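Here's the letter readout for the chains.
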Amino acid sequence: MIFAPVGLALPKMKPPSLLSRLSSPLLLLAAAVAPTLAPAQISGWGDNTERQLLGEVANFLNPISLPLVSTARQVAAGDSHAVGLMPDGSVVAWGNGFTSSVYAPPADAIRTPVAIPGLPNNVAAVFAGSATCYALTNNGTLYSWGNIGVGELGTGFSYPENIGPTYFYKTANPVINGTNIVKVFSNALTLAVIKSDGTVWVCGRNAYWNLGLGDLTNRSTLTQNPELTGAKSIAISTGHGLAAMADGTVKAWGGNPYRNSWNSYFSGATGTLEDLPTPQVLSGLNDIVQVAAGNTCSFARTSDGRVFSFGEGYRGLLGRDSSQQELTPTLIPDLPPIVDIQARGDSAYALAADGSVYAWGVGSGLGTTTRLDGFPLDRSPVPLKVPGVVANRISGGR
């Protein structure tokens, strides 16, 4: 699903929704100017199974307005929930009940925004993970709540992956080692932050070297990864991670999350078919300022707005009308200059300098009913422009 203030465009959502997910539901949120919407209004599209788009259950292939959060200063989309920062500084959440302050089984998702207790009055930004939420204050202190999971809340607690979303925090709690933070990245049961001194700290799932620490032990508190000091952008997905470094290069790490089901299959999302327990510099990329990671694919954006992709091309994930596995980063053609690139699950989204939003991959978060010859409505191997949306910020969930 995707949310966007009128005059703003929103990111994707779950079974694609802006604040929506593509391929597996994706949530995309965006602040944008939409000609068909009122100014400064939040809109969204994609999957609404858990009420990520609020109201009754119904997936939305095209952007809709979200009046209940139309005044939000910022919104962020998770796998099946969303979180918003309101004008008075309060924080609200909705969607899957495990990520709100009020527990509700998935069948009884939160249909209206619920205020989150335990937060100070100086929250400056909010973020959404797989089944978690985060709030960053204006002095760099990070708070978290939601599913305890395998340590991605960073509060010192975790549970085995086979337990399921049974344990959760109903109120926000300070993240251990969560001070002096300037950037936050959360996806696929992981949390990564960049601190004001340039150091990078990570926690959460580490089953496939997701954290790049050289071992396979999950972390329940933020732990420094010295190999990533100086990173400007970080992205971690199901089995790999990426970092855009200060010198314009990209580092990659991770393993093979599909070893058990597909034997020796590797997605190539790290630019190699080998395990990379610690971050290694990728060849063929320079002047990179941002990275994004889907389940089996990777993206890198240059300072002048070009986007390169590599990894598994199955179902059009690379955005280049290719279904092949490609280890070499290759330019995605026909995109205008891009200022933000996001990927979750099997879909990707790009925000152009002119405010237009593009989507490709699989899922209901494509934001359009345009059908390409030979492809179903919820799939596109090339970027499609989302009609009627002009945004200045996007946020995609899974």
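Right above here is the structure, for reference.
This section reports on the structure supplied with the text. Please read all numbers here as calculations on a predicted model, not as lab measurements.

1. Examining the side chain of T302
Okay, so step 1: With respect to the helices and strands, the residue T302 is situated in strand β22 (residues 297-302).
Okay, so step 2: Taking the relative accessible area as the measure of exposure, T302 reaches 1% and is therefore buried.
Okay, so step 3: Side-chain polar atoms of T302 contact the side chain of D304, separated by 2.4 Å.
Okay, so step 4: Excluding residues that lie within four positions of it along the chain, T302 makes contacts with N286, D287, I288, V289 and F308.

2. With respect to the nonpolar core
Okay, so step 1: With 18 residues, the main nonpolar core has V83, V91, I116, L119, V123, V126 and W145 as its most contacted residues.
Okay, so step 2: Looking at this core, the elements that each hand over two or more residues are β6 (81-85), β7 (91-95), β9 (123-128), β10 (132-137), β11 (142-147) and β12 (168-174).
Okay, so step 3: Looking at which element gives the most residues to this core, the answer is β9, with three residues.
Okay, so step 4: Setting aside its immediate chain neighbours within four residues, L119 contacts V91, A135, Y143, W145 and A172.
Okay, so step 5: Grouped together as the second largest cluster of nonpolar side chains are 16 residues, A292, L318, L335 and W360 included.

3. Describing the pattern of salt bridges
Okay, so step 1: In total, this model carries four salt bridges according to the counting rule given.
Okay, so step 2: Residues D79 and R344 are paired through a salt bridge, measuring 3.5 Å at the closest nitrogen-oxygen approach. Of this pair, D79 sits in the loop between β5 (74-77) and β6 while R344 sits in strand β25 (residues 338-344), and the two are 265 residues apart along the sequence. R344 matches D79 in its accessibility class, with the two residues each being buried.
Okay, so step 3: Salt-bridge contacts for R320 lead to E326; the nearest nitrogen and oxygen are separated by 2.7 Å.

4. A short note on the sheet that holds strand β27 (residues 357-362)
Okay, so step 1: Spatial ordering of the open sheet is given by β25-β26-β27-β28, a layout of four strands whose pairing is antiparallel. Looking at the sheet topology across the chains shown, the edges are occupied by β25 and β28 (379-385). Direction aside, the axes of adjacent strands within the sheet are offset by 10° on average.
Okay, so step 2: Pairing geometry for strand β26 (residues 347-352) and β27, over five bridges, is antiparallel.

5. Focus: the environment of R306
Okay, so step 1: Examined against the element boundaries, R306 turns out to sit in the loop between β22 and β23 (307-312).
Okay, so step 2: Among the residues examined, R306 registers a relative accessible area of 35% and is labelled partly exposed.
Okay, so step 3: Separated by 32 residues in sequence, R306 and I338 have C-alpha atoms that sit 6.4 Å apart.
Okay, so step 4: With near-sequence residues (within four places) excluded, R306 lies in contact with A300, R301 and L331.
Okay, so step 5: A distance of 3.0 Å separates the side chain of R306 from the side chain of D304, its partner in a polar contact.

6. Considerations on the side chain of S298
Okay, so step 1: Of note, S298 is situated in strand β22.
Okay, so step 2: A distance of 3.0 Å separates a polar atom in the side chain of S298 from a polar atom in the side chain of H240.
Okay, so step 3: Not counting residues within four places of it along the chain, the set of residues in contact with S298 comprises H240, L242, A269, A292, F308, S309 and F310.

7. Here we look at unusual backbone geometry
Okay, so step 1: Positive phi, normally seen in glycine, also occurs at N177, with a value near 65°.
Okay, so step 2: Among the residues examined, N177 registers a relative accessible area of 35% and is labelled partly exposed.
Okay, so step 3: Phi at A188 is positive, roughly 50°, even though this residue is not glycine.
Okay, so step 4: Relative to the assigned elements, A188 resides in the loop between β13 (181-187) and β14 (190-195).

8. Some details on the packing of aromatic side chains
Okay, so step 1: Counted according to the given criterion, the structure contains two aromatic pairs.
Okay, so step 2: Note on F299 and W360: the rings are 5.8 Å apart at their centroids and 70° apart in plane angle, and the pair reads as edge-to-face. One end of the pair, F299, is in strand β22; the other, W360, is in strand β27, and 61 residues separate them in sequence. In this pair, the class of F299 matches that of W360, namely buried.
Okay, so step 3: The residue whose ring lies beneath K195 is W201, and the NZ or CZ to ring-centre distance is 4.2 Å.

9. Focus: the layout of surface pockets
Okay, so step 1: In this structure, the largest pocket encloses a volume near 950 Å³.
Okay, so step 2: If you trace the largest pocket, you find 40 residues lining it, with F127, V184, F185, Q290 and Q342 closest to the centre.
Okay, so step 3: Taken together, the elements giving at least two residues each to the lining of the largest pocket come down to β5, β9, β13, β14, β17 (233-236), β21 (288-293), β25 and β29 (390-396).
Okay, so step 4: Across the lining of the largest pocket, the residue classes tally to 24 nonpolar, 10 polar and six charged.

10. Here we look at the sheet that holds β10
Hydrogen bonding along the main chain pairs the strands of a sheet, whether they run parallel or antiparallel.
Okay, so step 1: One open sheet holds the four strands; their spatial order is β9-β10-β11-β12, and the pairing between them is antiparallel. Either end of the sheet is taken by a strand with one partner, and the two such strands are β9 and β12. Neighbour to neighbour, the strand axes of the sheet diverge by 15° on average, direction disregarded.
Okay, so step 2: As defined by bridge partners, β9 adjoins β10 across five bridges and the pair is classed as antiparallel. Its bridge partner lying in β10, A125 is registered against L136.

Cut-offs used in this document
Residues numbered from 1 in each chain as written. Predicted model: local features only at pLDDT ≥ 70, side-chain atom pairs only at ≥ 80, totals over all residues. Heavy atoms only, no water. Helix = DSSP H or I, 4+ residues; strand = E, 2+ residues; numbered from the N terminus. Buried < 20%, exposed > 50% of the residue type's maximum accessible area, 1.4 Å probe, protein only. Polar contact = N/O pair within 3.5 Å; in protein donor to acceptor, adjacent residues only side chain to side chain. Contact = heavy atoms within 4.5 Å. Core = buried A, V, L, I, M, F, W, Y, C linked by side-chain atoms within 4.5 Å. Salt bridge = Lys/Arg side-chain N within 4 Å of Asp/Glu carboxyl O. Pairing = 2+ DSSP bridges. Axes fitted to C-alpha atoms, helices over the stretch in contact; angles between N-to-C directions. Phe/Tyr/Trp six-rings, centres within 6.5 Å; stacked < 30°, edge-to-face > 60°. Lys NZ or Arg CZ within 6 Å of the ring centre and 35° of its normal. 1 Å grid on protein atoms, 1.4 Å probe; cavity = no way out; pocket = protein on both sides within 12 Å on 5 of 7 lines; lining within 4 Å. Points joined across faces, edges and corners; volume = space filled by probe spheres on them. Nonpolar A, V, L, I, M, F, W, Y, C, P; charged D, E, K, R; others polar.

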